[in-house]
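# Fold and contact review
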Amino acid sequence: MLSKRVKEVLNAQINAEIWSAHFYLSMSLYFGGEGYRGFSRWMKKQYREDMTHAMQMMDYMIEQGDRVILQDITGIPTVFEDIVTTFEQALVHLVRITDAIDTLADVVEGENDKATRIFLDKYILGQVLAEARMNQILTQLKRMNQEIGVYMLDKELYEVCEIKR
Ligand SMILES: [Fe+2]
């Protein structure tokens, strides 16, 4: 059984993951519209990952016999400046999600909920990997200021991000 507090914070995290997914989707659509197929595909992959996180957390709550409440998805940015700025925004957002998951883990620990705490492990570790990947792309982007470099990275991401239809 989940405590009232754990239910609240998990439900909030589910909504945060869904919001996050839509933020990435919006960036994917921006890149798609600009003709960057690789960056678009990479952001779509982030969308899928966060929707998967939300679904897994929903299943976890449902398995515990709890009800999940969805919130409206509002305030998704739709206007983006350029490639680097967009990836910078994505990184700032990603760090915020990391902080939210850390706070979630603190609450769960405070409630002495061992199962939920273990359940959160993969998300805590997943954020480390996600930040590393995002930082890597950003570093590469900042190093290159020529169109050819951006073209090559876009091509590379297009090839590494497999699309499931
Ligand atoms: Fe996530």
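As named in an unreviewed UniProt entry, the protein chain is Ferritin, taken from Coprobacter secundus subsp. similis. Under the UniProt heading Function (unreviewed entry), the entry covering the protein chain gives this text: "Iron-storage protein." For the protein chain, the Sequence similarities (unreviewed entry) comment in UniProt is given as "Belongs to the ferritin family. Prokaryotic subfamily."

### As for helix H4 (residues 114-143)
Relative to the 44 Å expected for 30 residues at 1.5 Å per residue, H4 spans 44 Å between its end C-alpha atoms, a close match to the ideal helical length. Of all the bends in H4, the largest measures some 30 degrees and sits at leucine 120. Restricting attention to buried positions, one finds in H4 the residues Thr116, Phe119, Leu120, Tyr123, Gln127, Ala130, Met134, Ile137, Leu138 and Leu141. Of the surrounding elements, those touching the buried residues of H4 are helix H1 (4-33), helix H2 (37-63), helix H3 (83-110) and helix H5 (147-160).

### Digging into the UniProt feature "binding site: Fe cation" (unreviewed entry) in the protein chain
Per the UniProt entry, the sites bearing "binding site: Fe cation" (unreviewed entry) are Glu17, His53 and Gln127 in this numbering. In three dimensions, the annotated residues from a span of 111 residues occupy one location, with a maximal C-alpha spread of 12.2 Å. Of the residues annotated just before, the largest pocket has His53 and Gln127 among its lining. In this fold, glutamate 17 is placed in helix H1. Of the residues examined, glutamate 17 reaches a relative accessible area of 0% and is grouped as buried. The contact partners of glutamate 17, leaving out residues within four places of it in the chain, are Asp50, His53, Ala54, Met57, Ile97 and Ile101.

### Side note on unusual backbone geometry
Even without glycine at this site, asparagine 112 takes up a positive phi of about 55 degrees. Tracing the backbone shows asparagine 112 in the loop between H3 and H4. On the accessibility criterion, asparagine 112 (55% relative accessible area) is exposed.

### Points about the coordination of the iron ion
Taken together, Glu17 (OE), Asp50 (OD) and His53 (ND1) make up the full set of protein donors to the iron ion, lying 2.1 to 2.2 Å away. Along the chain, the residues donating to the iron ion fall in the pattern E-x32-D-x2-H. Of the two residues, glutamate 17 is situated in helix H1 and histidine 53 in helix H2; the sequence distance between them amounts to 36 residues.

### Section: the packing of H1 against H3
Between H1 and H3, whose axes approach to 11 Å, the crossing angle comes to 170 degrees. Judged by the angle between their axes, H1 and H3 are roughly antiparallel. In terms of residue class, the contact of H1 with H3 is made up of 20 nonpolar, 5 polar and 2 charged.

Rules used throughout
Residues numbered from 1 in each chain as written. Predicted model: local features only at pLDDT ≥ 70, side-chain atom pairs only at ≥ 80, totals over all residues. Heavy atoms only, no water. UniProt positions renumbered as here; feature names shortened; annotations may be inferred. Helix = DSSP H or I, 4+ residues; strand = E, 2+ residues; numbered from the N terminus. Expected span 1.5 Å × (residues − 1). Bend = angle between axes of the 7 residues up to and from the residue. Buried < 20%, exposed > 50% of the residue type's maximum accessible area, 1.4 Å probe, protein only. Contact = heavy atoms within 4.5 Å. 1 Å grid on protein atoms, 1.4 Å probe; cavity = no way out; pocket = protein on both sides within 12 Å on 5 of 7 lines; lining within 4 Å. Donors = N, O, S within 2.8 Å, 3.2 Å for Na, K, Ca; no water. Axes fitted to C-alpha atoms, helices over the stretch in contact; angles between N-to-C directions. Parallel < 35°, antiparallel > 145°, perpendicular 65-115°, else oblique. Nonpolar A, V, L, I, M, F, W, Y, C, P; charged D, E, K, R; others polar.

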